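# Structural characterization, general
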Amino acid sequence: MGATEKFIHSPHIGESVRRVEDMRFITGVGHYTDDVHEEGQKYAVFVRSPHAHALVKRVDSAAAAKMPGVVRVFSGADIDGKLGGLPTGWLISNPDGSPMKEPPHPILAIGKVRYVGEPVAMVVADTHEHALNAAEAVQVDYEELQAVVEMHTARNGPALHEMAPDNHCYKWVLGDKAAIDATFAKAAHVTKIDLVNNRLIPNAMEPRADNASFNRNTGEYTLTTTSQNPHLARLLLCAYVLKGVPENKMRVIAPDVGGGFGSKINLYPEDVGCVFAAGELGGAVKWTADRSESFLADTHGRDHVSHAEMAMDKDGKFLALRVHSDVNLGAYLATFGPCVPTILYGTLLAGQYTTPQIYVEVDGWFTNTCPVDAYRGAGRPEAAYLVERLVTRCGWEMNLAQDEIRRRNFITEFPYQTPVALLYDTGDFPECMRKANEIADAAGFGARRKASEAKGLKRGIGYSSYIEACGLAPSQVVGALGGRAGLYECGEVRVNPTGSITVFTGTHSHGQGHETAFAQLVAARLGVPIDAVEIVHGDTGRIPFGMGTYGSRSLAVGGAAVMKALDKIEEKAKKIAAHLMEASDADIEFAGGEFKVKGTDKKIPFAQVALAAYVPHNYPLDKLEPGLDETAFYDPPNFTFPGGTHICEVEVDPQTGVVRIDRFTAVDDFGVVVNPMLVEGQVHGGIVQGIGQALLEHGIYDNSGQLLTGSFMDYTMPRADDVPDIQVGSVCTPCTHNPIGSKGAGEAGAIASPPAVINAVLDALGPLGVTDLDMPATPNAVWQAIQKAQA
């Protein structure tokens, strides 16, 4: 039995242990950034641009500075030259090797504003109310310019940045166009589709917040913030923005964080502004966003316009895929903004299929809208939506059922080298499909459709067989593709003298349940109770280093680092146990929390070895140092590849256009699952977000660049009655290259569900002549599509 197989069958692995962190959350004793109060702290409020595109002629803060409680007012001119701009973490190159256009991203606007909500000035006062009142008194003289909102008008519109006169940031290409074109010319059938992947606004439960302080005595800064990756925030602050502040003088703490979904990966102007003001004023400065600021200034997601074509033989076998996407980057490049619609999108266009040739080109555009970056799935949902919408249309045009067209093209042998760079190590796509059909009772769909018809409703079924790439790796390849940081992870395991264990991880939990799942890992390995394990994360002052949480990387990368540290713990502990039992190291076995000497009845518990590690006279100091504390870094050799099939059934009322999801089935292969309850919760949450994108959510700007969906009155979030009963199932093909065998689970629901829902809606509307529909499929959009088709 291999090491991974042994681990899979360990106690605590695969157990639905209740989350240990929930007690503090449901009893109201969680500790969030807004709960942090420093003695004498001041409050910041940001003056934001009401225009999408305008010259800033003058910022007059004289009246505001004289108002009660005001400590200082900062404008772009006040910090110009003192701070660097916000960096982007990824460089994308054009086909000729030239770099993308990378314009400066100021902390406070200097000379020009480029989207509604861009910070122009920062008011610091003794109370939030005083700061808010003074912010309203700051006078800004704008000269409004024409806004560029739509990508199709960007090339000929007014330039946002001098270095990009046509508003074009990059062209990214993958594949051999000439070879693809030759294949298309010989194909028996070509299916084409045009798609819009709608702009989304993340809306995490907790708005962003900062509390920055400066210690005059030590020269040290502390930033408590709502970040998914505090070490990355510290790195960007010290390496690019704060001139002359070394990392050892900057501590970043991300305490309890109420959701992230990618929008809290970024370093934002507000983070920098609070740190800068704290240093200038020699104290603490706090800022907490209101919900309107979240809509305007948190990075948005998605926003693609794509054309795709699939070449097939006469039997429906895929021969080649050809894709062009225009992607909206917003006004500036966010931290991972260039990477999401290129590296994380184009390389996933193989999906689960044996398409031998793929060509993709992506054009990135600057517009006068909020910057766009990762949102749950980050490139993978955009790829899955395109592929799965196209595959379903291929089936309809070839008179093949949705499941049959997929089965004919599934990858069945592994490892599998895709034509878009990625190497899939393992999977069982046919089994995921079989199991999903079984759980969804696909065989009974015809009878359910007839029952719906009897009620005057149209019923449809939609399939989505997705693939996801998690854990962004390895760092060397990431660097070659333009990444500006390593994407490894760190884990430290400290065994205390009494046998309790403290684990320090560079990942960050903002709702995922790491304090439970990581404790299960350690308990399974060392044979200790789960409640004897403490998980520490989110503090650069306590964690050696780490790259945070995004891309479903925490267990597969962060957990693997912890496992490597546990290997070191076990190795050293065996030597101590050998000394205590007067045996050879090679004769020591460890299982179930006990060290045993092979072939004898000699054994001692883990707790005894833990204590002995801190009592030096128990073993020779010339061979072992005191203590039992080990650190390990893990840089994955490859992505991990979760995948599966989701099936959605809907009923549509053709008189009103209302879509009701009647059934939803998700069968996923996440490799080894440590805690099924946590995973099921992640899947449910992701599916709900995907349903939101498919039926409800849409970030809309008007032609002047004003955000029309800037509150929950206009931006429709899914509610309980929008969500059906969700049936889940699983298949397990363990990842072959990490010690846990896990693949990642946090984003799958959001990736798979949108195409499943829209495919179901189109299947229902097909008899009415509707062949296409973009997200969101609101009642009005569905009704209009029906009227247009019937006209």
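The structure this text deals with has already been given above.
The text that follows walks through the structure, step by step, so that each part is easy to find.

### Digging into the environment of alanine 578
Structurally, the position occupied by alanine 578 is in helix α17 (residues 554–580). Judged by relative accessible area, alanine 578 falls into the buried class, the value being 1%.

### Description of the pattern of salt bridges
Within this structure, the stated rule accounts for 51 salt bridges. As a salt-bridge pair, glutamate 453 and lysine 458 come within 3.3 Å of each other at their nearest N and O atoms. Judged by relative accessible area, lysine 458 falls into the buried class, the value being 15%. Glutamate 649 is the partner of arginine 459 in a salt bridge, and the nearest nitrogen-oxygen pair spans 2.6 Å.

### What to know about empty space enclosed by the protein
Taking a probe equal in size to a water molecule and rolling it over the atoms shows the remaining empty space. The full count for this structure, using the stated rule, is eight cavities of 30 Å³ or more. A volume near 140 Å³ is recorded for the largest cavity. Lining the largest cavity are 16 residues, and of these Leu86, His105, Leu267, Tyr268 and Pro269 sit closest to its centre. The residue inventory of the lining of the largest cavity, partitioned by class, reads 10 nonpolar, four polar and two charged. For the second largest cavity, the calculated volume is near 70 Å³. Looking at the second largest cavity, the residues that line it are Arg302, Asp303, His304, Val327, Asn328, Leu329, Gly337, Val340, Pro341, Val372, Asp373 and Glu382.

### Describing the nonpolar core
When a protein is soluble and globular, its nonpolar side chains tend to lie buried together. In this structure, Tyr170, Met250, Leu349, Val650 and Val757 are the most contacted members of the largest nonpolar core, which totals 162 residues. Here this core takes 11 residues from helix α20 (residues 748–765), the largest share from any one element. If we skip the residues at most four places from it in the chain, valine 757 touches Cys648, Ile661, Phe664, Ile691, Ala694 and Leu695. Val17, Met581, Ala613 and Ala632 belong to the second-largest nonpolar core, a separate cluster that totals 44 residues.

### Re the environment of arginine 389
Examined against the element boundaries, arginine 389 turns out to sit in helix α11 (residues 380–397). What arginine 389 contacts, discounting residues up to four positions off in sequence, is Ile193, Leu195, Ala384, Ile758, Asn759, Leu762, Asp772 and Leu773. A polar contact is formed between the side chain of arginine 389 and the side chain of tyrosine 385, at a distance of 2.7 Å. Side chain to side chain, arginine 389 and aspartate 772 meet in a polar contact 2.9 Å long.

Rules and cut-offs
Residues numbered from 1 in each chain as written. Predicted model: local features only at pLDDT ≥ 70, side-chain atom pairs only at ≥ 80, totals over all residues. Heavy atoms only, no water. Helix = DSSP H or I, 4+ residues; strand = E, 2+ residues; numbered from the N terminus. Buried < 20%, exposed > 50% of the residue type's maximum accessible area, 1.4 Å probe, protein only. Salt bridge = Lys/Arg side-chain N within 4 Å of Asp/Glu carboxyl O. 1 Å grid on protein atoms, 1.4 Å probe; cavity = no way out; pocket = protein on both sides within 12 Å on 5 of 7 lines; lining within 4 Å. Points joined across faces, edges and corners; volume = space filled by probe spheres on them. Nonpolar A, V, L, I, M, F, W, Y, C, P; charged D, E, K, R; others polar. Core = buried A, V, L, I, M, F, W, Y, C linked by side-chain atoms within 4.5 Å. Contact = heavy atoms within 4.5 Å. Polar contact = N/O pair within 3.5 Å; in protein donor to acceptor, adjacent residues only side chain to side chain.

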